[in-house]
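Residue-level listing of the chains:
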Amino acid sequence: MRTPFIAGNWKMNLNRQGAMTLAKGLAEALDSISNVEVAICPPAVYLSEVAVAISGTSIGLGAQNMYHVGEGAFTGEISPLMLRDLGCQFVILGHSERRQFFGETDATVNAKTQAALANSITPIVCVGETLEQREAGSTASVIEEQIRGSLAGLSADQGSRLVIAYEPVWAIGTGRTASPSQAEEVHSQIRQLLSSLFGSSVADLIRLQYGGSVKPENAAELMSQPNIDGALVGGASLKVDSFEGIIRAAG
Ligand code: PGA
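Along each chain, residues carry numbers from 1 onward, in the same order as the chain's sequence is written. Totals for whole chains, interfaces and linings use all residues, but because this is a predicted model, local features are given only for residues with pLDDT of at least 70 and pairs of side-chain atoms are given and counted only at 80 or more. The basis for every side-chain value is the complete set of heavy atoms in the structure, and neither hydrogens nor water enter the calculation.

Caption draft 1: Representation of the sheet that holds strand β2 (residues 37-41). Read around the closed barrel, eight strands run β1-β2-β3-β4-β5-β6-β7-β8, paired in parallel fashion. Taken over all neighbouring pairs, the strand axes of this sheet differ in orientation by 25° on average, direction set aside. Pairing between strand β1 (residues 5-9) and strand β8 (residues 230-233): four bridges, direction parallel. Each bridged residue has a counterpart across the sheet, and for G8 the counterpart in β8 is V233. Most of the contacts of helix α9 (residues 180-198) go to strand β7 (residues 207-211), to which it runs at about 150°, and overall it touches β5 (122-127), β6 (163-166) and β7. Criterion used throughout: strands pair if DSSP finds at least two bridges between them. Secondary structure elements are taken from DSSP: a helix is a run of H or I of four residues or more, a strand is a run of E of two residues or more, and numbering for both begins at the N terminus. To define axes, lines are fitted to C-alpha atoms, for helices over the stretch in contact only, and angles between the resulting N-to-C directions are given on a 0 to 180 degree scale. Here, residues are in contact when the closest pair of their heavy atoms is within 4.5 Å.

Dropping the structure here:
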């Protein structure tokens, strides 16, 4: 059985005080949660303070991006060693906003995924099609190319340590969620592809999150699908009540 995994992607939101208030609020509200794994991914500048606020709780800490090299002359970048140093167990990689606005490609996501795994950080590798691609009927081929490219060269053992997030670009921040059957269709395709890459016993272990306008109202139905094992939550992760509602719906 796969333990459901809900991660909050705070994106470039909140100030220092807001981040601390949210982290402390979640630490209190989620105290009794045991059947769902939870992580929060604050902006990098707040990671160390948030780490203190959630220490001693079961809430995990993740970053929203990283560079693939350990250290060196890479102005403005943050390395896997630094994330580890701050206590990050997770890192979101290849989010569609990184692909769209910062030129990330399957090749850069692949390098970062390898680096995260080499440093014992669990990558949450994001894939998803745009509206144009969906309307052109190319969702399946786009997802296959992103998965193959982002995971190129990984061993089955490395594969077993991945989390994959399917986030249709047209559903992110738009209020327009993929229907449970639309999401399940892609998730089951991803599971089959992972099975061909790593073998079915490894593919069965990998958590597949859905992301894109997940809210307390639609979370239970999405999560009841056989291949949806959690959610990557943006907007609704910025309030204790809505994030807690999603987590309770997953349990
Ligand atoms: P959203 O974002 O929940 O605000 O749609 C999801 C994401 O981008 O991870």
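Caption draft 2: Just the pairing of β7, in detail. Judged by how many residues are buried, β7 sits mostly within the fold: five of five residues are covered. Partly exposed describes any residue whose relative accessible area lies between the buried limit of under 20% and the exposed limit of over 50%, with all areas from a 1.4 Å probe on protein chains only and scaled to the type maximum. Along β7, one buried face is formed by R207, Q209 and G211 and the opposite face, lined by L208 and Y210, is buried too. When the strands point away from the viewer, a crossover counts as right-handed if the route from the first strand across the helix to the second turns clockwise. What joins β7 to β8 is helix α11 (residues 216-223), and the crossover it makes is right-handed.

Caption draft 3: Molecular detail of the pattern of salt bridges. A pairing counts as a salt bridge when a side-chain nitrogen of Lys or Arg comes within 4 Å of a carboxyl oxygen of Asp or Glu. Under the defined criterion, the tally for this structure stands at 12 salt bridges. K11 is paired through a salt bridge with E97; the nearest N and O atoms lie 2.8 Å apart. A residue pair is termed long-range when its members are at least 10 positions apart, and K11 in the loop between β1 and α1 (16-29) and E97 in helix α4 (residues 96-101) qualify at 86 residues. Classification of E97 by relative accessible area gives partly exposed; the value is 23%. The residue D229 makes a salt bridge to R191 at a minimum N-O spacing of 2.8 Å. Of this pair, D229 sits in the loop between α11 and β8 while R191 sits in helix α9, placing them 38 residues apart in sequence. The buried category is assigned to D229, whose relative accessible area is 6%. A single network of salt bridges, built from pairs that share partners, joins R2, R191 and D229.

Caption draft 4: Spatial organisation of the environment of T3. Its place among the elements puts T3 in the segment before β1. Along the chain, T3 and A140 lie 137 residues apart, while their C-alpha atoms are 26 Å from each other. Sequence-distant contacts of T3, that is, excluding residues within four places in its chain, are made with N35, V36, E37, R207 and D229.

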